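Single-letter residue listing:
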Amino acid sequence: MKNIGLLFFAFLCLVTLNSQAQGGKMIYSAPKEKSQGVIYQKPTPYCVIKIKDSLTVVMQSEIRKMNSEWFDKVEVFKGQTAIDLYGEKAKDGAIVITIKEANAEEAQLYLNSRKE
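As the structure is a prediction and not an experimental result, all values here were calculated from the model.

J.: Give a description of the sheet that holds strand E2 (residues 54–58) that names residues and reports values.
T.: By way of backbone hydrogen bonds, the strands of a sheet pair with one another, either parallel or antiparallel. Here 4 strands make up an open sheet; going across it, the order is E2-E1-E4-E3 and the pairing mixed. Of all the strands in the sheet, the pair left with one neighbour each is E2 and strand E3 (71–77). If you compare each strand with its neighbour and ignore which way they point, the axes differ by 20° on average. Here E3 pairs with strand E4 (residues 94–99) via 6 bridges, running antiparallel.

Set out below in structure tokens:
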């Protein structure tokens, strides 16, 4: 009971200080609704590694980890072209990296090892 009295006293002191700070008016404001957080998701292109006739979807961060010496060709598709080629999942664009024939086995081993 003593603790409840102390809490009530502290609350009254806080309200009094607040009212003095507001020019003598008693002001208490509480949010009427819970605030909704906004989550912004950066557009992410659809990334594909092409080894011979095989396509492997990867995260953009995986491309940075790969040996760029393996790359034969890098193609970037935007807008409707990307969607026509890879569907709605490529609405933010598509990056297709073709691996050199000579490095196909090494690149495939790398891609297989990252999945484990």
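J.: Which residues make up the packing of aromatic side chains, and what are the values?
T.: If you walk through the whole model with that rule in mind, you get 2 aromatic pairs. Each ring, one from Tyr 46 and one from Tyr 86, has its centre 5.6 Å from the other, and the planes form 45°; the classification is tilted. Here Tyr 86 lies in helix H3 (residues 79–86) and Tyr 46 lies in strand E1 (residues 46–51), a separation of 40 residues in the sequence. Exposure remark for Tyr 46: the relative accessible area of 15% places this residue in the buried category. Judged by relative accessible area, which is 18%, Tyr 86 ranks as buried.

J.: How would you summarise the nonpolar core if you had to cite specific residues and measurements?
T.: Membership of the largest hydrophobic core comes to 14 residues, with the highest contact counts inside it found for Ile 49, Ile 51, Ile 63, Met 66, Phe 71, Ile 97 and Ile 99. Those elements giving two or more residues to this core turn out to be E1, E4 and helix H4 (104–114). Counting 8 residues, the second-largest nonpolar core is a separate cluster that includes Tyr 46, Val 48, Ala 90 and Ala 94.

Parameters and conventions
- Residues numbered from 1 in each chain as written.
- Predicted model: local features only at pLDDT ≥ 70, side-chain atom pairs only at ≥ 80, totals over all residues.
- Heavy atoms only, no water.
- Pairing = 2+ DSSP bridges.
- Helix = DSSP H or I, 4+ residues; strand = E, 2+ residues; numbered from the N terminus.
- Axes fitted to C-alpha atoms, helices over the stretch in contact; angles between N-to-C directions.
- Phe/Tyr/Trp six-rings, centres within 6.5 Å; stacked < 30°, edge-to-face > 60°.
- Buried < 20%, exposed > 50% of the residue type's maximum accessible area, 1.4 Å probe, protein only.
- Core = buried A, V, L, I, M, F, W, Y, C linked by side-chain atoms within 4.5 Å.

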